[in-house]
Amino acid sequence: MTLPAPFTHALRQLLGPENVADAPETLVCYSLDAMNEPAPEGPELVVFPPDEAAVAGVMALCQRFRIPVTPRGAGVGMTGGCVPACGGIVMAMTRLNRILEIDSDNLVAVVEPGVVTQHLQDAVKPLGLFYPPDPASANTSTLGGNVAECAGGLSAVKYGVTKHYVLGARFVLPDGTLCAAGGKMVKNVVGYDLLGLLVGSEGTLAVITQLTLKLLPLPEVRRTLLVAFASVEEAGAAVAGIIRARIVPTALELMDRPSIRAVEDVLHYGIPTDAEALLLVEIDGKPGDVEADFLRLLEQVKARGGHIALEAADAAQRERIWEFRRTISPAITRLKSLKINEDIVVPRSEMPRILRRIEEIAARFQVAVVCYGHAGDGNLHVNLLAERQDRDEVKRALDAVEEIFKASVALGGAISGEHGIGLAKKRYIRYNLSPEVLALTRRIKQAFDPAGILNPGKIFPDEP
Ligand SMILES: Cc1cc2nc3c(=O)[nH]c(=O)nc-3n(C[C@H](O)[C@H](O)[C@H](O)COP(=O)(O)OP(=O)(O)OC[C@H]3O[C@@H](n4cnc5c(N)ncnc54)[C@H](O)[C@@H]3O)c2cc1C
């Protein structure tokens, strides 16, 4: 697709040349995300609107010329959501990056979508507050990208995911119309839940230009530990046992031996690499409650043969443990040239069974699998590794992915817990959505975007 000259002329006039990029190296960078599969054509232009009015202007222009627009935050999505599948322009939201207000009377923050997740955390911490949805990518991801993907995070077991923290939004429809929903209220049932629709819509319904987010008071104390197990299944059984015992840790993260080794090879933190699995457990709250939960949690862990490998003695050690966890995803990209990162989710009681099924599938297809993730949510990152040039190995890995999806759905689970569908999983969406639900979803997309210009090619299996 070649962009019509009157369109590019009008775009440059609207935004100013400093907010429009067409250098080949820029186009390459904006043609992919953390899935690492570039769009065949890439974008023809990348625009950086400086404010909401510019976003509305760009959308109105694109609607008039029927130009595809792909919104983009930091580009660390895992399913190709911000990859321009049908050419056109990429709209990078990174210049709308102001924290507009921190209202500590109402425990809310009003932000632009390009604010980096961690920057909000850093800004509210001195006020004794925090924003709970904390994806492992928080140092780079944007809040707009988090909302568009309904990102989960490392403390979702206790605090929930992004959708539980979005109180209000301003957004621009594909034809340039500016809308608003919600506000600073914690309750609001006027009309349909448009915020609920926007959260997790993967940039296919509207472009988010402002967010009102709920904050919580920081917990008084935290205990953070690594618990070692002799098998991944025992670690999975401990997760199910902890939940069954009505203990709600802040975080309950699983790492299998290959992921522990991969990170230790990079960071050299002295984390024990002989365990078959580690659980990173964090408990927070009031001192007495944390102590009581800690003792009950130990009982569950010991009953499955686990033992404490390391407990953080101070904030610096806690940060090192968390850095270890956050480094897994980048560290395992070093193991083979292709990493297919899936994020299935099952009811938490099914954790031991899904781990056993994954082991069986890996053995049957003779493919290397690295497993880690938010076990306390039943959400596992199953990484299938292959060498890109080995077509047979790649095929076996892809076949194994499909079997893992089937196993997850058979156990009452889903093909994605937090990464979304994007390009990567649209051919599997029917495993979770019936034809009727898929048709209804499509009608919702058409109501927002009748011309089909906003992030086309995503989510729906029969899109090009
Ligand atoms: C190392 C690593 C760790 C990760 N850990 C986690 C984790 O723990 N939990 C988790 O949930 N995810 C995780 N992810 C995935 C990823 O970080 C999240 O999906 C994140 O929300 C993406 O944010 P982003 O700003 O990079 O969005 P992008 O990748 O740029 O875009 C994601 C989607 O959002 C849309 N979008 C972006 N901005 C807007 C906007 N303003 N309006 C409308 N649509 C918009 C895009 O069109 C796209 O569909 C991880 C990724 C990496 C690389």
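1. Considerations on helix α15 (residues 435-448)
Inference 1: Over its 14 residues, α15 runs 20 Å from end to end, which matches the ideal 20 Å to within 8%, given 1.5 Å per residue.
Inference 2: Counting buried residues along α15, only one of its 14 residues qualify, which leaves the element largely exposed.

2. Examining the sheet that holds strand β4 (residues 89-92)
Inference 1: Spatial strand order, β1-β2-β4-β3: four strands in an open sheet with mixed pairing. Where the open sheet ends on each side, the last strands, each with one partner, are β1 (20-21) and β3 (69-72).

3. A look at the site of the ligand
Inference 1: Looking at the ligand, there are 37 residues lining it, with G73, G77, G81, G145 and G203 nearest.
Inference 2: When residues of the shell around the ligand are traced back to their parent elements, those giving at least two are β3, α5 (143-149), β10 (207-214) and α12 (328-332).
Inference 3: Residue contributions to the shell around the ligand peak at five residues, all from α5.
Inference 4: Among the residues forming the shell around the ligand, the class breakdown is 15 nonpolar, 17 polar and five charged.
Inference 5: Residue assignment places the shell around the ligand across two domains, with domain 1 (5-94) and domain 2 (99-217) each supplying three or more.

4. What about the domain arrangement of the protein chain?
Inference 1: On domain assignment, one finds that the protein chain holds domain 1 (5-94), domain 2 (99-217), domain 3 (221-314) and domain 4 (336-421).
Inference 2: Computed over C-alpha atoms, the centres of domain 1 and domain 2 are 22 Å apart.
Inference 3: Of the residues lining the interface, 18 residues belong to domain 1; the matching set on domain 2 comes to 20 residues.
Inference 4: Elements supplying a minimum of two residues to the side of domain 1 that touches domain 2: α3 (52-65) and β3.

5. So, helix α4 (residues 117-124)
Inference 1: Regarding α4, the residues found buried are T117, L120 and V124. With its buried residues spanning 65 degrees around the axis, α4 presents them on a single face.
Inference 2: On its buried face, α4 is in contact with β5 (99-103), β6 (108-111), β7 (129-130) and α5.

6. Points about the nonpolar core
Inference 1: Membership of the largest hydrophobic core comes to 122 residues, with the highest contact counts inside it found for L213, V239, L278 and L279.
Inference 2: If one sorts the elements of this core by residue count, helix α8 (residues 232-244) sits on top with eight residues.
Inference 3: The residues touching L279, leaving out its near neighbours within four places in the chain, are V227, A235, A238, V239, L252, E253 and L254.
Inference 4: One finds A39, C82, V83 and C86 within the second-largest nonpolar core, a separate group that totals five residues.

7. Thoughts on the packing of α8 against helix α10 (residues 287-303)
Inference 1: Closest axis-to-axis distance for the α8/α10 pair is 9 Å, and the angle between their directions is 145 degrees. Between α8 and α10 lies a crossing of right-handed hand. Facing α8, whose interface residues are A238, G241 and I242, α10 presents L297, Q300, V301 and A303.
Inference 2: Its residues assigned to classes, the contact of α8 with α10 shows five nonpolar, two polar and no charged.

8. Regarding the sheet that holds strand β16 (residues 338-345)
Inference 1: One open sheet accounts for seven strands, arranged β15-β12-β14-β13-β17-β18-β16; its pairing is antiparallel. Among the strands making up the open sheet, the edge pair consists of β15 (307-311) and β16. Between one strand axis and the next, the sheet turns through 20 degrees on average, direction left out of account.
Inference 2: Sheet topology places β16 next to strand β18 (residues 379-386); eight bridges connect them, and they run antiparallel. By the bridge assignment, K339 is partnered in β18 with L385.
Inference 3: Each of β12 (221-229) and β14 (277-285) is contacted by α10, which is oriented at about 155 degrees to β14, the strand it contacts most.

9. With respect to unusual backbone geometry
With the exception of glycine, most residues fall at negative phi, and the peptide bonds are largely trans.
Inference 1: Of note in this structure, R66 is not a glycine but carries a positive phi near 55 degrees.
Inference 2: Among the secondary structure elements, R66 is positioned in the loop between α3 and β3.
Inference 3: A positive phi angle, close to 65 degrees, is found at R246, a residue other than glycine.
Inference 4: Mapped onto the elements, R246 comes out in the loop between α8 and β13 (251-256).

10. Re the packing of helix α1 (residues 5-15) against α3
Between two packed helices, the angle of one axis relative to the other and the distance separating the axes together describe the packing.
Inference 1: Across the interface, α1 lies against α3 with an axial gap of 10 Å and an inter-helix angle of 170 degrees. Considered as vectors, α1 and α3 are oriented roughly antiparallel to each other. For the pair α1 and α3, the contacting residues are F7, A10, L11, L14 and L15 in the first and A54, G57, V58, L61 and F65 in the second.
Inference 2: Of the residues that constitute the contact of α1 with α3, the class distribution is nine nonpolar, one polar and no charged.

What counts and how
- Within each chain, residue numbers correspond to sequence positions counted from 1 in written order.
- With the structure being a predicted model, the display of local features is reserved for residues of pLDDT at least 70 and the display and counting of side-chain atom pairs for 80 or more, all residues being used for whole-chain, interface and lining totals.
- Runs of H or I in DSSP of at least four residues are treated as helices and runs of E of at least two as strands, each being numbered from the N terminus.
- In a helix, the anticipated span is given by 1.5 Å times the number of residues less one.
- Buried means a residue has 20 or more other C-beta atoms within 10 Å of its own C-beta, exposed means 12 or fewer, and partly exposed covers the counts in between; C-beta atoms are placed from the backbone.
- Pairing between two strands is assigned when DSSP locates at least 2 bridges connecting them.
- We call a residue near a molecule or strand when the C-beta position, derived from backbone atoms, sits within 6 Å of it.
- Here the term charged refers only to Asp, Glu, Lys and Arg, the term nonpolar to Ala, Val, Leu, Ile, Met, Phe, Trp, Tyr, Cys and Pro, and the term polar to all other amino acids, Gly among them.
- Domain borders in the structure are assigned automatically or taken from a domain database.
- A pair of residues counts as a contact when their C-beta atoms, built from backbone coordinates, are separated by no more than 7 Å.
- Starting at the helix axis, one direction is taken to each C-beta atom, and the arc is that of these directions.
- Only buried Ala, Val, Leu, Ile, Met, Phe, Trp, Tyr and Cys residues enter a nonpolar core, and they are joined through C-beta atoms within 7 Å.
- Axis lines are fitted to C-alpha atoms, over the contacting stretch for helices. Their N-to-C directions set the angle, which ranges from 0 to 180 degrees.
- Each crossing gets its hand from how the near helix is turned against the far one by less than a right angle, where anticlockwise is left-handed and clockwise is right-handed.
- Each angle is binned into one of four classes, with values under 35 degrees roughly parallel, values over 145 roughly antiparallel, values of 65 to 115 roughly perpendicular, and all other values oblique.

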